[in-house]
Amino acid sequence: MEQSGPEKHGIVQIDEQSFFIRRWGDPALPRLLMLHGFPEYGGAWEELATQLCHRFHCIAPDQRGYGQSWAPDGISAYATSALVGDMAALIRQQEGPVTVLGHDWGAAVAYGLAMSHPDLVSRLIIANGVHPVPFQRALAKGEAQTVASQYILNLRQAGSEQALAADDFKGLMALFSAHMDLSWLTGARLQAYKREWARPGRLQAMVNWYRASPLRVPLPGAAIPMPDLPLDRLKVRQPHLLLWGDGDTALLPDTTEGLEEFAADLTRVTLPGADHWLHHQKPEALARAIQNWHP
């Protein structure tokens, strides 16, 4: 493993495939697995991890298809069960259980871990991410969240990755920043993101997360019946912290309505003035909320 300052990083093997992992903090500290979303990578957690590494051993993988990790071909390789399986195998290598933190798509994996591998997850933290049932309920209405989520249908279209990459990732930047504050993504950090996006096959793999998802997104105004979901198997039995930037325009408040039905031990913390990218905009406040909640 290479080491640079407080950050230890390098390739590890998970089920015989290569994954790039970043680490901050003493390995003897309680472990915090940090799962990024779209279109980020493990390095997106640096600001928050440096605020938490005195309390936790922070572990931030580039998830399947992202950054320097394994990026298999085909849509089916990005089914949620496969993505969750990667992180379950990683936790087993760490001699779990661990606290899991997920943002955006990383939240989907984090919820999957907590629900299907409860022995591996001691506590669950979600930052502007959604449980599958309240999210699907919000989408099924055909109302405001449906409008906000139409980009999912666009990303599922053939060739969307080429459109995102054109003109030095102009399309991806437009999607990334739509109606939200991206002032944190400039200079060397922006160049680092573009370097990760430019790795061969990565944009296609990243978009394949959307294509593989069973999530049903109707057209605006076209309400649909709720799919038949195994509600009893979608419970979070661990203590659960939901951190929410109240300016998020991609995930609206009704995407978390009724979450208590699936998470009996739920704590909600709102971060005023932050949006979907709260971990970049307010890392100190986010770290403080996590430390106040975590024993």
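In this text the structure is predicted, and so the values were computed from the model without any measurement. (Residues numbered from 1 in each chain as written. Predicted model: local features only at pLDDT ≥ 70, side-chain atom pairs only at ≥ 80, totals over all residues. Heavy atoms only, no water.)

> Which parts of the structure should I look at to understand the overall build of the protein chain?
Looking only at helices and strands, the protein chain has 11 helices and 9 strands in total. The C-alpha atoms of the protein chain give 18 Å as radius of gyration, which agrees with the globular expectation for 295 residues (19 Å, within 12%). In the protein chain, buried positions account for 56% of the 295 residues. Of the contacts made within the protein chain by residues no fewer than 6 positions apart, 75% connect residues no fewer than 24 positions apart. By element, 52% of the accessible surface of the protein chain is carried by carbon and sulfur atoms, the whole surface being about 12200 Å². Charged side chains in the protein chain number 25 positive and 31 negative. The centres of these two groups are separated by 2 Å. (Helix = DSSP H or I, 4+ residues; strand = E, 2+ residues; numbered from the N terminus. Rg over C-alpha atoms; globule rule 2.2 N^0.38 Å. Buried < 20%, exposed > 50% of the residue type's maximum accessible area, 1.4 Å probe, protein only. Contact = heavy atoms within 4.5 Å. Areas by Shrake-Rupley, 256 points an atom, 1.4 Å probe, with all protein chains shown as cover. Lys, Arg positive; Asp, Glu negative; His and termini not counted. Charge placed at Lys NZ, Arg CZ, Asp CG, Glu CD.)

> Please clarify how the environment of G245 should be interpreted in this entry.
Mapped onto the elements, G245 comes out in strand β8 (residues 240–245). Separated by 29 residues in sequence, G245 and A274 place their C-alpha atoms 4.5 Å apart. Here G245 is in contact with N128, L271, A274, D275 and L278, once residues within four sequence places are set aside.

> So what exactly am I meant to see when it comes to the nonpolar core here?
For soluble globular proteins, the rule of thumb is that nonpolar side chains tend to be buried together. Grouped together as the largest cluster of nonpolar side chains are 72 residues, with contacts concentrated most on L33, F38, V100, L113 and F176. Of all the elements, helix α3 (residues 105–116) adds the most residues to this core, at 8 residues. Formed by 23 residues, the second largest nonpolar core is a distinct cluster that contains W45, L243, L271 and L286. (Core = buried A, V, L, I, M, F, W, Y, C linked by side-chain atoms within 4.5 Å.)

> I keep staring at helix α8 (residues 187–197) and nothing clicks. Help me out?
Residues three or four positions apart in an α-helix share a direction because the helix packs 3.6 residues into each turn. Listed in full, the buried residues belonging to α8 are L190, A192, Y193, K194, E196 and W197. Residues of α8 that are buried sit in contact with α7 (160–177), α9 (202–212) and α10 (278–281).

> I tried to follow the pairing of strand β6 (residues 98–103) on my own but got confused; where do I start?
Regular strands place side chains that alternate from one sheet face to the opposite one. Of all the 6 residues making up β6, 6 are buried; the element is thus mostly covered by neighbouring parts of the structure. Burial along β6 is two-sided: the residues V98, V100 and G102 and T99, L101 and H103 are all buried. In the sheet, strand β4 (residues 31–35) pairs with β6 via 4 bridges, with the strands oriented parallel. Counted as the bridge partner of L33 is V100 from β6. One ladder, built from 6 bridges, connects β6 with strand β7 (residues 121–127); its direction is parallel. (Pairing = 2+ DSSP bridges.)

> What should I look at first to understand helix α2 (residues 80–93) in this one?
End to end, α2 covers 20 Å across 14 residues, agreeing with the expected 20 Å (1.5 Å per residue, within 8%). E95, located one to two residues past α2, shows a positive phi value of around 60 degrees. (Expected span 1.5 Å × (residues − 1).)

> How should I be thinking about the packing of aromatic side chains in this particular structure?
Given two aromatic rings, one states the distance between the centres and the angle between the planes to describe the pair. Across all of its chains, the model carries 14 aromatic pairs by this definition. Consider the rings of Y151 and Y210, whose centres lie 6.2 Å apart with planes at 75 degrees: the pair is edge-to-face. With Y151 in helix α6 (residues 150–156) and Y210 in helix α9, the pair connects residues that are 59 residues apart, well separated along the chain. Under the relative-accessibility criterion, Y151 is labelled partly exposed at 22%. Given a relative accessible area of 4%, Y210 falls into the buried group. A connected cluster of aromatic rings, assembled from ring pairs, spans Y41, F169, F176, W184, Y193, W197 and W277. (Phe/Tyr/Trp six-rings, centres within 6.5 Å; stacked < 30°, edge-to-face > 60°.)

> Please explain the pattern of salt bridges as it appears in this structure.
Proximity of charged atoms lets side chains of opposite charge pair with each other. Within the structure shown, the criterion is met by 10 salt bridges. One salt bridge in this structure joins D62 and R22, with 2.9 Å as the shortest N-O distance. In this pair, D62 sits in the loop between β5 (57–61) and α2 while R22 sits in strand β3 (residues 17–24), placing the two residues 40 residues apart along the sequence. The pair formed by D62 and R22 is uniform in burial state, with each residue classed as buried. Two residues, E260 and R268, come together in a salt bridge whose shortest N-O distance is 2.9 Å. Judged by its relative accessible area of 41%, E260 falls in the partly exposed class. Shared partners join several salt bridges into a network, and the residues in it are R195, E196 and R199. (Salt bridge = Lys/Arg side-chain N within 4 Å of Asp/Glu carboxyl O.)

> For this particular structure, what's the right way to read the packing of α7 against α8?
For any two helices packed against each other, one specifies the crossing angle of their axes together with the interaxial distance. It is the contact of α7 with α8, at a shortest axis distance of 12 Å, that shows an interaxial angle of 110 degrees. On the basis of the axis angle, α7 is roughly perpendicular to α8. Crossing angle aside, the handedness with which α7 passes α8 is right-handed. Only L190, Y193, K194 and W197 of α8 make contact with α7, whose side of the interface consists of D168, F169, L172, M173 and F176. (Axes fitted to C-alpha atoms, helices over the stretch in contact; angles between N-to-C directions. Parallel < 35°, antiparallel > 145°, perpendicular 65-115°, else oblique. Left-handed = near helix turned anticlockwise from the far one by under 90°.)

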